[in-house]
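Working through the structure, step by step
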Amino acid sequence: MARPVVRVDGTNVELHGAWTLSALHAESGSLQRELASLTDADVHWDLRGIEALDEFGALLLWRAWQWRLPASVLLRSEHEARFSKLPAGASAPRARQRLQPLDLLLGAGQSTISLFDHAAGLARLLGELIIAAALLPTRARLIPWREISANIYHSGTQALAITGLVGVLIGVVLSYLFALQLRVYGADVFIVRILGIGVLRELGPLLAAILVAGRSGASIAAQIGVMRVTQELDALAVMGISRTLRLVLPKVLALMIALPLLVLWTDTSALFGGMLAAQHELGISPMAFITNLPSSVPTANLWLGVGKGMVFGLVIALVACHFGLRIQPNSESLGAGTTQAVVAAITVVIVLDAIFAVAFSDVGYR
Amino acid sequence: MNVIEIEGLWTGYGSQIVHAGIDLAIRDGEVFTLVGGSGAGKTTLLRHMLGLESPLRGSVRVFGQPPAQGGFDAWRALRRRWGVLFQEGALYSALNVFDNIALPLRELGTVDEDLVRELVYRKLEQMGLTRTDADKKPAELSGGMVKRVALARALILEPELLYLDEPTAGLDPARSQSFVALIEALRTALHLTVVMVTHDLDTLVELSDRVGVLVNGHLVAVGTLEQIQHLEDPCVHSFILGVTGRRALASQSMTTRPTTT
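Note that the structure is a prediction, hence the values are computed from the model and not measured. (Residues numbered from 1 in each chain as written. Chains lettered and ligands numbered in written order. Predicted model: local features only at pLDDT ≥ 70, side-chain atom pairs only at ≥ 80, totals over all residues.)

Below, the discussion takes up the overall build of chain B. Tallying secondary structure elements over chain B gives 9 helices and 9 strands in all. Scored against the burial criterion, the 261 residues of chain B give a buried share of 38%. Residue pairs in contact within chain B that sit at least 24 positions apart in sequence constitute 64% of those at least 6 positions apart. (Helix = DSSP H or I, 4+ residues; strand = E, 2+ residues; numbered from the N terminus. Buried ≥ 20, exposed ≤ 12 C-beta atoms within 10 Å, placed from the backbone. Contact = placed C-beta atoms within 7 Å.)

So, on to the overall build of chain A. Helix and strand content of chain A: 13 helices and 4 strands. Here the C-alpha radius of gyration of chain A, 35 Å, is well above what a compact globule of 366 residues would show, namely 21 Å. Projected onto its principal axes, the C-alpha positions of chain A cover 105 × 60 × 45 Å. For chain A, the proportion of its 366 residues judged to be buried stands at 32%. (Rg over C-alpha atoms; globule rule 2.2 N^0.38 Å.)

Attention now moves to the confidence of the model for chain B. Summing up the model confidence of chain B, the mean pLDDT is 82 and the portion of residues at 70 or higher is 88%. Overall fold confidence (pTM) sits at 0.76, and the ipTM for the predicted complex is 0.73. (pLDDT = per-residue confidence, 0-100.)

What follows concerns the nonpolar core. B:M49, B:I101, B:V149, B:A152, B:Y163 and B:V195 are the most contacted members of the largest nonpolar core, which has 77 residues in total. A per-element tally of this core places helix α5 (residues 143-155) of chain B first, with 8 residues. One finds A:I191, A:I224, A:L271 and A:L334 within the second-largest nonpolar core, a separate group that totals 62 residues. (Core = buried A, V, L, I, M, F, W, Y, C linked by C-beta atoms within 7 Å.)

Helix length check: helix α4 (residues 113-126) of chain B, at 14 residues, gives a terminal C-alpha distance of 20 Å against a target of 20 Å (1.5 Å per residue), a fit within 8%. For α4(B), the complete set of buried residues consists of B:E118, B:L119, B:V120, B:R122, B:K123 and B:L124. Where α4(B) is buried, its residues contact α3 (55-64) of chain A together with α3 (97-108) and α5 of chain B. Directly after α4(B), the chain includes B:G128, whose backbone phi takes a positive value near 75°. (Expected span 1.5 Å × (residues − 1).)

Our focus in this paragraph is the sheet that holds strand β1 (residues 2-13) of chain B. Residues and elements named next belong to chain B. Strand order across the open sheet formed by 3 strands is β2-β1-β4, with antiparallel pairing between neighbours. Either end of the sheet is taken by a strand with one partner, and the two such strands are β2 (16-27) and β4 (57-62). Strand-to-strand, the axes of this sheet are offset by a mean angle of 15°, without reference to chain direction. Relative to β4, β1 is paired through 5 bridges, and the arrangement is antiparallel. Note that in β4 the partner of I4 across the bridge is V62. Along the sheet face, helix α1 (residues 42-49) touches β1, β2 and β4 and points at about 60° away from the line of β2. (Pairing = 2+ DSSP bridges. Axes fitted to C-alpha atoms, helices over the stretch in contact; angles between N-to-C directions.)

What follows deals with the packing of helix α2 (residues 28-36) of chain A against α3(A). All names here are of chain A. Contact geometry for α2 and α3: axes closest at 9 Å, N-to-C directions at 35°. Note that α2 runs across α3; the crossing there is right-handed. Residue-level inspection shows S28, Q32, L35 and A36 of α2 in contact with α3, the latter providing L60, L61 and A64. When the residues that make up the contact of α2 with α3 are grouped by side-chain class, the tally is 5 nonpolar, 2 polar and no charged. (Left-handed = near helix turned anticlockwise from the far one by under 90°. Nonpolar A, V, L, I, M, F, W, Y, C, P; charged D, E, K, R; others polar.)

Turning our eyes to something else, we now look at unusual backbone geometry. Non-glycine residue A:W67 carries a positive phi angle of around 65°. For A:W67, the location among the structural elements is in the loop between α3 and β4 (73-74). Look at A:W67 and you get partly exposed, because 14 C-beta atoms sit within 10 Å. If you check the backbone angles, B:E158 has positive phi at about 50° while not being a glycine. Secondary-structure assignment places B:E158 in the loop between α5 and β6 (161-165).

Our next topic: the interface of chain A and chain B. Contacts between the two partners involve 18 residues from chain A and, on the opposite side, 17 residues from chain B. Elements with a minimum of two residues in the side of chain A that touches chain B: α1 (21-24), α2, α3 and α13 (331-359) of chain A. Looking at which element gives the most residues to the side of chain A that touches chain B, the answer is α3(A), with 3 residues. Residues of the side of chain A that touches chain B, tallied by class, amount to 5 nonpolar, 9 polar and 4 charged.

Bringing the domain arrangement of chain A into the picture now. Here the domain parsing of chain A yields domain 1 (5-91) and domain 2 (140-359). Relative to domain 2 of chain A, the C-alpha centre of domain 1 of chain A lies at a distance of 69 Å. (Domains from an automatic or database assignment.)

What follows concerns the confidence of the model for chain A. Confidence along chain A averages 89 in pLDDT terms, with 99% of residues attaining 70 or more. Per-element confidence in chain A is highest for helix α12 (residues 300-325) of chain A, whose mean pLDDT is 96, and lowest for α2(A), whose mean pLDDT is 78.

Attention now goes to the environment of A:S149. By the secondary structure assignment, A:S149 is in helix α6 (residues 145-155). With 59 residues separating them along the chain, A:S149 and A:A90 place their C-alpha atoms 64 Å apart.

Put into structure tokens, the structure is as follows:
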């Protein structure tokens, strides 16, 4: 189609070509400036040369004419109808949302309230879970074995590679770090005790829990969220299938089984990495490292670590399910809910770890 | 002139064949309706015309250009010439109604915000929506309103070609009637070519200039409603019987209205 053209001859202005969005949008700026310079009342407009006129072209002219038809204008009849429907003035600008001084306070208040809200929600979910679990011993048919096993596979077995790799590398890093310090005092053998207690008691459980919170936490929240979007949660409810029993409980049980095992696996990997680095840096043979380990590290540390793993598993699954069930059926809420689930799960794990550290401060150090 | 030309189109996934050699030309300014049973390949054919699928064999051309190919500028220019109404509306849930409709205009990058506002308000008005609806999020809208907003968004760039995927699915009869009237009015006002997929016989009868019947991946008949009624194909027959049966029923109830005493 022909380009839009403005022909000015004294006080006569002729418009030609296609005045449509597709033809106009690239040069609407320059055309508007040209039209704006022609605002004198005694301009004679001739629009009969316009081949095509759409809403956009009409509005562009209409605005240049100050929202009314000019005194002297020649139009094609089919274009006249277009102009007759246009508004008599500019519409009011849309209200912009600006930050009010009070908004910060309101925001802080809302966050605090929502924190309590989440705590209450978590407590409710835990209660539902305990009630559901209490039903199971008398109704063995209801135990969701398949779901539990599938969840152990997804959150446990499939996490072996990443937790193993991270464990070995952190073990190597720590071992190097301590070796440098210990060599200064000639206390080389202490590497076994430091690494043993550090890994079994703190690092193994924490590393495994944080990795699982990122992996399985996100996957649980997103899965439940999409089930809300696709109405699968509603379908479960109308079939009389308890979502607590069939969705939440298997995930919680699976993580309570899988995470302690992953903790053991991460412990082993980290100690293995540390052992290699100790041999390289301090000349402690793997044989000496292994034989020294049981005598220098109290077994309580191992049980404490595994126990923490079980609690972390419970908390991660619970938090992820809680945020997943709150997801609204839209894309924004899905993203926000998944993020919140991972962030909250990791935060709660670290807070709990600190509580454990204080509560068990006289256990396992001999 | 033909807006869409499909020649010898084959589609399939794995061993399953969706389309087996489809030839179709859609003319400028007509309303073309694709009908067929569930799983006949209607939606996939529509996706080919939209460039969302690539043909296994054969070619699809929209405005003379293969929609699934081409450089970035050509790819974008083609998409500015058509508008699409998805079955579920496909409104962006993070944006409110106003921003949803304004998005294609703002993407052009050359239209100032004052004009965007006027154009969006004009479109809202045309679709029978109010300015208070402009601030709502898609989640707050009813099914009929979602369709209207989605249609406003599809039409905001003044397209030459409009695709409608099940435009009246999920609407009650009264709303679907007014939606059909809306599309009919727009079509005469804007000189649109419309490609539509529908299961709704009323929509089909009221809007279509020509109909294409898809059965098991073959386009078994193309023509006006009158033309395809006389075809002998059993599949076409069963579908059209539904149409004529309905019409017969409608005319009967008009003439012999039951009287209550």
